[in-house]
Structure formats: C-alpha cells, structure tokens
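# Report on the structure
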Amino acid sequence: MVSKTFENLGDDKKARVTAALLKEFSTYPLATAQVARIVADAGIARGAFYKYFDDLHDAYRYLFGQAMREIHQGLRRPATSPDAFSSYLTMTRAFLTGLSTSEYGPLIAMHYRHNEAVLGDGVDPEPSGDAAQWAAKVLTHETLRCCVLDPASLDARLDQLAEALTILAKR
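Predicted model, so just to flag it, every value in this text is computed and none were measured.

### Let's talk about the packing of helix H7 (residues 105–119) against helix H8 (residues 131–149)
- Where H7 meets H8, the closest approach of the two axes is 9 Å, and the angle between their N-to-C directions is 105 degrees. With respect to H8, the axis of H7 lies roughly perpendicular. Judged by residue contacts, Ile108, Ala109, Tyr112, Arg113 and Glu116 of H7 engage His141, Leu144, Arg145, Val148 and Leu149 from H8.
- For the contact of H7 with H8, a count of residues per class yields six nonpolar, one polar and three charged.

Here it is as structure tokens:
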C-alpha cells in the first residue's frame, strides 16, 4: 500500500515519481520492470522508493489505480433498469475514446498483454445485482480488453457488444 510519506510529498516530486512509474510500467512488463530505472528517471534515492512503496507490485497497483480513476472520471455507472443496457455500450465507447487520447493508453495495453494476473480481472468478488447486469458488466470488460489488444477489431467488437446487450435487455 502506498505510504503516507508518498501521499504527503510535494506536487512536483510526486509528479516526477508518478511519471517515472508510468514510463517504466508502460514500457516493461511487471516481470522485467526495475526499481533502478524508476529511481533514475524520478531523480530519487532507491531507499526513497521503498519508503513510498512496499515493492514494484505495490507501485504498479498505485499507478494502475490512478489510471483507472482518471480514465473513468466523467463516466457514470449504468442504472439497473432494463433500458440501462444501452448505457454500457455508451460507456464502453467513451472509455475507449478516452483511453485513445490518455497518457495511460500504453499502460493499459501493457496491463492486458502482460500484467493482468497481478491485479486480477476486475470483476467484483462479491456478486451483486441480477444475472443480466452481471453479464453486461463482464461482456463490457471483455470487449474493452479485446479492443485494447486488437484495436482493428473495435467496430466489430462494439457491434457484437451492442447485439449481446440487446439480447440481455429483452430477457
């Protein structure tokens, strides 16, 4: 877990460390990421890194959480009404559009290619809502994954998601 020491850093230093994390984790899979490159890029001592984060996995989780918060900012959760299934498609398009212009795009691609097992699949451990809502959520996340890994499939995957969501809405 990120330390209070890191949370209390000045904006400039925190931005340098975060930028160094982004560079490292967007360029290298977690298995080959190095604290040495991060501290060199951030201009901090190796010991400072370990004052801020427990290890590379902790730093990755921090950065990935930052990315998800920023990318999801402005997206609203779908309602639980039957006509809400179309909002999953709208949110998916918005997410992918935001990701395409985000500095976090390469990080998310690296995450899906190499690092997904570190954080899990993003599915809530405690199921809630009805089965159709759960299915819509799972299909939406899988569509995102497929589009990030194969951008050329975006239109076909979104069409496929739209069809599946239409079927779910009719149940």
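The rest of the description comes next.
### A closer look at the nonpolar core
- In terms of nonpolar packing, the biggest core is built from 48 residues, with Leu21, Phe25, Phe49 and Phe53 touching the most fellow members.
- Among the secondary structure elements, those contributing two or more residues to this core are helix H2 (11–27), helix H3 (35–42), helix H4 (46–52), helix H5 (56–72), helix H6 (85–101), H7, H8 and helix H9 (154–170).
- At eight residues, the largest contribution of residues to this core is made by H5.
- Other than its neighbours up to four places away in sequence, Phe49 contacts Leu21, Val35, Ile38, Val39, Ile44, Asp55, Leu56 and Ala59.

### Some details on the packing of aromatic side chains
- Inspection of every chain in the model, using the stated rule, returns ten aromatic pairs.
- The interplanar angle of 55 degrees and the centroid separation of 5.6 Å between the aromatic rings of Phe6 and Tyr52 together place this pair among those described as tilted. You can see Phe6 sitting in helix H1 (residues 4–7) and its partner Tyr52 sitting in helix H4, a full 46 residues away along the chain. In this pair, the class of Phe6 matches that of Tyr52, namely buried.
- Ring plane angle 45 degrees and centroid distance 5.3 Å describe the contact between Phe49 and Phe53, whose orientation is recorded as tilted. Residues Phe49 and Phe53 agree in their burial class; the two are buried.
- Chaining the aromatic ring pairs together yields one cluster made of Phe6, Phe49, Tyr50, Tyr52, Phe53 and Tyr62.
- The cationic tip of Lys14 hangs over the ring face of Phe6; the distance from NZ or CZ to the ring centre is 5.6 Å.
- The ring centre of Tyr28 lies 3.6 Å from the NZ or CZ of Arg37, which sits over that ring.

### Examining the UniProt feature "DNA-binding region" (unreviewed entry) in the chain
- On the UniProt side, "DNA-binding region" (unreviewed entry) is annotated at positions that read residues 34–53 here.
- End C-alpha atoms of residues 34–53 are separated by 13 Å, and the span's content is 75% helix alongside 0% strand.

### Remarks on H3
- Turning to H3, its buried residues number three or more, namely Val35, Ile38, Val39 and Ala42. Looking straight down H3, one finds that the buried residues subtend no more than 90 degrees of arc, so they occupy a single side.
- Taken together, the buried residues of H3 touch H2, H4 and H5.
- Backbone geometry just downstream of H3 places Gly43 in the positive-phi region, at approximately 70 degrees.

Calculation rules
Note that residues are indexed from 1 along each chain, following the sequence as it is written. With the structure being a predicted model, the display of local features is reserved for residues of pLDDT at least 70 and the display and counting of side-chain atom pairs for 80 or more, all residues being used for whole-chain, interface and lining totals. Note that water and hydrogens are dropped before the side-chain values are worked out from all heavy atoms of the structure. Lines fitted to C-alpha atoms define the axes here, with helix axes fitted over just the stretch in contact, and angles between the N-to-C directions of these axes take values from 0 to 180 degrees. Elements are defined by DSSP. Helices are runs of H or I of four residues or more, strands are runs of E of two residues or more, and each kind is numbered from the N terminus. Angles are sorted into four bins: roughly parallel if under 35 degrees, roughly antiparallel if over 145, roughly perpendicular if 65 to 115, and oblique for all others. Here a residue-residue contact requires only that any non-hydrogen atoms of the pair lie within 4.5 Å. Under the scheme applied here, ten amino acids are nonpolar (Ala, Val, Leu, Ile, Met, Phe, Trp, Tyr, Cys and Pro), four are charged (Asp, Glu, Lys and Arg), and all others, including Gly, are polar. Residues enter a nonpolar core if they are buried and are Ala, Val, Leu, Ile, Met, Phe, Trp, Tyr or Cys, with the set joined through side-chain atoms within 4.5 Å. Only protein chains enter the accessibility calculation, which uses a 1.4 Å probe; a residue whose area is less than 20% of its type maximum is buried, one above 50% is exposed, and one in between is partly exposed. A pair of Phe, Tyr and Trp rings is counted when the ring centres sit within 6.5 Å of each other, with Trp represented by its six-membered ring. The angle between the planes then sorts it: under 30 degrees is stacked, over 60 is edge-to-face, the rest tilted. Only lysine NZ and arginine CZ atoms are considered, and such an atom sits over a ring when it is within 6 Å of the ring centre and within 35 degrees of the ring normal. UniProt positions are given in the numbering used here, feature names are shortened, and annotations may be inferred rather than shown by experiment. As used here, the arc belongs to the directions running from the helix axis to the C-beta atoms.

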